[in-house]
Amino acid sequence: MARAFRAGFVAVVGRPNVGKSTLVNALVGSKVSIVTPKPQTTRHRILGVHTSRDAQVMFVDTPGLHRDAGKAMNRLMNRAAVNALQDADLVLFMCEADRWTEDDQNALARIGGVSKPVIALLNKIDRVHPKEELLGRIAAISAKADFVEVIPISARLNDNLDRLMSVIPGFLPESPPLFPEGMITDRSEPFHVAELVREQLTLNLRQEIPYGLTVQIEQYKKTDEKLEVHAVIWVERDSQKGIVVGKGGSVLKKIGRSVRLELKERLGVPVHIELWVKVKENWADNEEQLQRLGYDPG
């Protein structure tokens, strides 16, 4: 007798920079979320779809749950993560195997009132030495909440992800597929191009600058022969503009080249990308401006 097909939403939550986007990309088998070493890289709820013979899992990559909700953008990011919990059939709570912080405790408290099954994922197990210590870490996280499972993984190294994928469908409802076969994300190509630009900016600029900028696609023309993109990088202050442009336009040229090469490899066509930097004061602390720039009001 054939097993019933299952489909559902799985929210991936935790503090910033714990490896959520790396995990979703690994499980989906494609880069649906940008990844950098800096906290709060993910600003939106992003869906990554994994379809197998007997299940379709919609992973919801979320912004890191954080305590500092001073700016409107931070509040929107926290709301996006919390709302993903409400819509999920299953929650994956991620923390690092080699440390537990106040931010982890805060993130765990945020999901405490959610009446959904929660699997705890101990990520970055490759950093635990000696390996025998891992049993103690599993026991410690198990004592913190009523998790239905505790699974040690390394998202970066694809370690133990097969076990995770074997467990997930059992928590999802019987349902036909919710998305067409071959679809891996609900986000548009222009959205992903904007995110790729922001990823390169985050990787190439000093620590504080990436938090004061966002990227908006003004023109996106794709044919069988080429892709043409015009994008605006919005910053909050005039002083940031020169840093983002770089001496003689050096930073913008580097960013544009990196994005162009990645898109060319992914799409298989020549790519032309134009980048401009403009100032929009305090855009990150204005909910109306944020919505105009494509941020989900939550």
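For the structure itself, look to the data block above.
Residues numbered from 1 in each chain as written. Predicted model: local features only at pLDDT ≥ 70, side-chain atom pairs only at ≥ 80, totals over all residues. Heavy atoms only, no water.

Along the chain, C95 falls in strand β4 (residues 90-96). Residue classification places C95 among the buried positions, given a relative accessible area of 1%. As a C-alpha pair, C95 and P16 span 79 residues in sequence and 9.7 Å in three-dimensional space. With near-sequence residues (within four places) excluded, C95 lies in contact with V18, W100, D104, L121, L122, N123 and I141. (Helix = DSSP H or I, 4+ residues; strand = E, 2+ residues; numbered from the N terminus. Buried < 20%, exposed > 50% of the residue type's maximum accessible area, 1.4 Å probe, protein only. Contact = heavy atoms within 4.5 Å.)

When their charged atoms lie close together, side chains carrying opposite charge are able to pair. Under the criterion given, the structure shown has 21 salt bridges. The partner of R127 in a salt bridge is D98, and the shortest N-O contact between them spans 3.2 Å. Residue R127 is found in the loop between β5 (118-123) and α4 (133-142), and its partner D98 is found in the loop between β4 and α3 (102-110); the two are separated by 29 residues along the sequence. A residue is classified by how much of its surface remains accessible, and R127, at 38% relative accessible area, is partly exposed. Looking at D98, the relative accessible area reads 29%, which means it is partly exposed. Close ionic contact of K226 with E228 constitutes a salt bridge, the shortest N to O distance being 4.0 Å. One continuous salt-bridge network, built from bridges that share partners, spans R15, E96, D98, R99, D104, K124 and R127. (Salt bridge = Lys/Arg side-chain N within 4 Å of Asp/Glu carboxyl O.)

Take the sheet that holds strand β1 (residues 6-14) next. Here 6 strands make up an open sheet; going across it, the order is β2-β3-β1-β4-β5-β6 and the pairing mixed. Each end of this open sheet is capped by a strand with a single partner; those strands are β2 (46-51) and β6 (149-152). Strand-to-strand twist across the sheet, computed as the mean angle between neighbouring axes with direction ignored, equals 25°. In this sheet, β4 lies alongside β1 in parallel orientation, the contact comprising 5 bridges. (Pairing = 2+ DSSP bridges. Axes fitted to C-alpha atoms, helices over the stretch in contact; angles between N-to-C directions.)

Counting buried residues along β1, 7 of its 9 residues qualify, which places the element largely inside the surrounding structure. By the bridge criterion, 7 bridges tie β1 to strand β3 (residues 55-61) in an arrangement that is parallel. Counted as the bridge partner of F9 is M58 from β3.

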